[in-house]
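Read off the chains here:
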Amino acid sequence: MARLAAALLVAAAVLCWAAAGVEALGMNWGTQATHPLPPKVVVQLLRDNGIKKVKLFDTDFAAMSALAGSGIEVMVAIPNNMLADLAGDSGAAKDWAKRNVKRYDFDGGVTIKYVAVGNEPFLQSYNGSFINITFPALQNIQNALNDAGVGDRIKATVPLNADVYNSPAKNTVPSAGRFRADISGLMTDIVKFLAKNNAPFTVNIYPFLSLYLNDNFPLDYAFFDGGATPVNDNGVMYTNVFDANFDTLVAALKAVGHGDMPVIIGEVGWPTDGDKHAKASHAQRFYAGLLKRLAANTGTPARPNQYIEVYLFGLVDEDAKSVAPGNFERHWGVLRYDGQPKYAMDLTGQGRNTMLVPAKGVKYLSRTWCALNPNAKDLGRLGANIDYACTHADCTPLGYGSTCNGMDTAGNASYAFNAYYQAQSQKDTACDFQGLALPTEKDPSTATCNCTIQIETGAAAALHGRSGGTGVAVVAALLVALIQFLALS
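Throughout what follows, the structure given in this document is the object of discussion. (Residues numbered from 1 in each chain as written. Predicted model: local features only at pLDDT ≥ 70, side-chain atom pairs only at ≥ 80, totals over all residues. Heavy atoms only, no water.)

1. Points about the state of the cysteines
Among covalent bonds in proteins, the disulfide is the one between the sulfur atoms of two cysteines. The line we're drawing: Sulfur atoms of two cysteines make up a disulfide when they are within 2.5 Å. A helix here means a DSSP run of H or I that spans at least four residues, while a strand means a run of E at least two residues long, and both kinds are numbered starting from the N terminus. For the exposure calls, accessible area comes from a 1.4 Å probe over protein chains only, and a residue counts as buried if that area is under 20% of its type's maximum, exposed if over 50%, partly exposed in between.
This model, assessed by the stated rule, comprises three disulfides. In this model, cysteine 370 is linked to cysteine 431 through a disulfide, with the two sulfur atoms separated by 2.0 Å. Because the sign of the S-S torsion sets the handedness, a value of about 90° for the bond joining cysteine 370 and cysteine 431 places this disulfide among the right-handed ones. Of this pair, cysteine 370 sits in strand β16 (residues 369-372) while cysteine 431 is found in the loop between α12 (409-423) and β17 (437-440), placing the two residues 61 residues apart along the sequence. Judged on exposure class, the residue cysteine 370 and its partner cysteine 431 are both buried. The connectivity of the disulfide-linked cysteines in the chain, indexed sequentially, is 1-5, 2-3, 4-6.

2. A word on unusual backbone geometry
The step from phenylalanine 313 to glycine 314 runs through a cis peptide bond, and the omega angle for that step is -5°. If you trace the backbone, glycine 314 turns up in the loop between β15 (309-312) and β16. Phi is positive for asparagine 234, close to 55°, though the residue is something other than glycine. Its place among the elements puts asparagine 234 in the loop between β10 (231-233) and β11 (236-238).

3. Comments concerning the sheet that holds strand β12 (residues 263-268)
This is how it is decided: Here, any two strands with at least 2 DSSP bridges between them count as paired. A fitted line through C-alpha atoms serves as each axis, taken over the contacting stretch for helices, and the angle formed by two N-to-C directions is quoted from 0 to 180°. Between two residues, a contact is recorded if the distance between any of their heavy atoms is within 4.5 Å.
Strand order across the open sheet formed by nine strands is β5-β4-β3-β2-β1-β15-β12-β9-β6, with parallel pairing between neighbours. The open sheet has two free edges, formed respectively by β5 (155-157) and β6 (159-161), since each of these has just one partner strand. This sheet shows a mean twist of 25° between the axes of neighbouring strands, independent of strand direction. Summarising the sheet, β12 and β15 pair through three bridges and their orientation is parallel. Bridge pairing links isoleucine 265 to valine 310 in β15. The sheet contacts of helix α9 (residues 241-255) involve β9 (201-204) and β12, and relative to β12 the element is tilted by about 140°.

4. Observations regarding the packing of helix α5 (residues 90-100) against helix α6 (residues 134-147)
Worth spelling out the cut-off: In this scheme, roughly parallel covers angles under 35 degrees and roughly antiparallel covers those over 145, while 65 to 115 is roughly perpendicular and the rest are oblique. Crossing handedness is read from the near helix: turned anticlockwise from the far helix by less than a right angle, it gives a left-handed crossing, and turned clockwise, a right-handed one. By the convention adopted, Pro, Cys, Tyr, Trp, Phe, Met, Ile, Leu, Val and Ala count as nonpolar, Lys, Arg, Asp and Glu as charged, and the other residues, Gly among them, as polar.
Where α5 meets α6, the closest approach of the two axes is 8 Å, and the angle between their N-to-C directions is 55°. Classified by the angle their axes make, α5 and α6 are oblique. In the crossing of α5 with α6, the sense of the turn from one axis to the other is right-handed. On α6, the residues touching Ser90, Ala93, Lys94, Trp96 and Ala97 of α5 are Asn140, Ile141, Ala144, Leu145 and Asp147. Grouping the constituent residues of the contact of α5 with α6 by class yields six nonpolar, two polar and two charged.

5. A closer look at the environment of arginine 381
In this structure, arginine 381 sits in the loop between β16 and α11 (382-391). Along the chain, arginine 381 and phenylalanine 433 lie 52 residues apart, while their C-alpha atoms are 9.0 Å from each other. In contact with arginine 381, not counting residues within four places along its chain, are Gln434 and Leu436.

6. Some thoughts on the nonpolar core
The condition is simple: Nine residue types can take part in a nonpolar core, namely buried Ala, Val, Leu, Ile, Met, Phe, Trp, Tyr and Cys, and a core is a set of them joined through side-chain atoms within 4.5 Å.
Within the largest apolar cluster, 111 residues are counted, with the highest numbers of intra-cluster contacts made by Val115, Val117, Ile141, Phe179, Phe201, Ile265 and Leu312. Examining the composition of this core, we find that eight residues originate from one element, α9, more than from any other. Sequence-distant contacts of valine 117, that is, excluding residues within four places in its chain, are made with Ile78, Leu83, Thr134, Ala137, Leu138, Ile141, Ala156, Thr157, Val158 and Pro159. Grouped together as the second largest cluster of nonpolar side chains are 27 residues, Ala376, Cys395, Leu398 and Cys449 included.

7. Comments concerning the pattern of salt bridges
Between side chains of opposite charge, a pair can form as their charged atoms come close. Rules: Salt bridges are defined by distance alone: a side-chain nitrogen of Lys or Arg within 4 Å of a carboxyl oxygen of Asp or Glu.
In this structure the tally under the stated criterion is 20 salt bridges. Taken together, the shared-partner salt bridges in this structure form one network comprising Lys53, Glu73, Lys113 and Glu309.

8. A short note on the layout of surface pockets
Note the following rule: Think of a 1 Å grid over just the protein atoms. A cavity is a set of points where a 1.4 Å probe fits yet cannot get out, a pocket is an open set with protein on both sides within 12 Å along at least five of seven lines, and lining residues have an atom within 4 Å of a point. Grid points are joined across faces, edges and corners, and a volume is the space filled by probe spheres set on the points.
One number sums up the size of the second largest pocket: a volume of about 720 Å³. Of all the secondary-structure elements, those providing two or more residues to the lining of the second largest pocket are α10 (280-295) and α12. Here the lining of the second largest pocket gets five residues from one element, more than from any other, and that element is α12.

9. Focus on the packing of α11 against α12
Where α11 contacts α12, the axes come no closer than 8 Å and their chain directions differ by 40°. Our classification of the angle between α11 and α12 gives oblique. Pair α11 / α12 crosses with left-handed handedness. Across the interface between the two elements, Leu382, Asn385, Ile386, Tyr388, Ala389 and Cys390 of α11 pack against Thr409, Ala413, Ala416, Phe417 and Tyr420 of α12. For the contact of α11 with α12, the class distribution of residues is nine nonpolar, two polar and no charged.

Next comes the structure, spelled out in structure tokens:
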């Protein structure tokens, strides 16, 4: 009996530890796809995997309606292209809060906790486009939330890229971290405003990008499992770039008088295609180390033994994202485009060899591919047709270092033609390419290169999906949301 009691206590402790690991996790839900999963399917997917926080990039009505009644905590977002209007007009900010927050803020509605004002607006590649409007927009939105009576529990924040801070070239250790010189005053004002409103600082940290942007960056330093030569910061040893990056921010916050400000990791992840370092094996290694640390509340050297709120990026691959930053942009998902897991991943941080629960109720187009016509005569037009297909569909797996790189001309053509055919929902006219292509029921995939069949989208697919939660409660919540939507429209 004593042994049984002890075993039960151990089991309970393990379950509590596992639950704590999941509690810390959020997930970014991006929808820049030619055939996005129906929102109801996504919400059920989140619930099935115990993910209790989600970060959006807008306030799409279908997504918000699907989240109603789910109990999932939500960070809604304001895109960068809306910042100017909200910065210059407090009335517009109040109207935005009414339509996108208050509308869903009811018992059984959407559990909104944060509003993300912009997305990495101070990226240097934006050439200062949002420098003068982000802070006024942040102020107006938080004030609008306060005026609406929800500001005590819903906070506005600005998801920022880690390039808003750095250490000087002459002293590159984390403890020397400061906000970037050109925006130092602005960042100080933003930090003070966040502190005044008890709002967190939100930052996106990507160890993968350190590797991608610098061929001399030590590979092991991007991961958490040791092997890298540590960086010595006055006796504090940094064994991975995530900790070093995070603590550079902590030092920058400390330098402006707010070293204890709560920090949310708005995005962190590892892509699986589109670059020589974007591999499923690397992603699996990265997440295994990260999740283990989160579950144990390891913290960082500057903030040891502390809980860190983290949103993984991202949930599913997005085949319509811009590839301006790199071909890997369309492959950040821990799940494939159709909600199927790519590799073993234990969200509890216990390191078990387990897979995420896949999306349920996903319906696919017919098992038909588009491939190079074996009887095609005029192959002189092949290059132009492949270019056309890849301009209008996702061919990033064909690039150097990617999963479909190295195929022969026929393989490249079939991949490109099929990518376009699927993006066009298998329309008859989408598989011709001047007589160079034909529909086929024979899968042209290889051992390393997957030619996809796209999923159904629209109303028919949504009906096939399963809603999360108790059906009656969710339907009631959606009806209330719809009534409020009509009233406000």
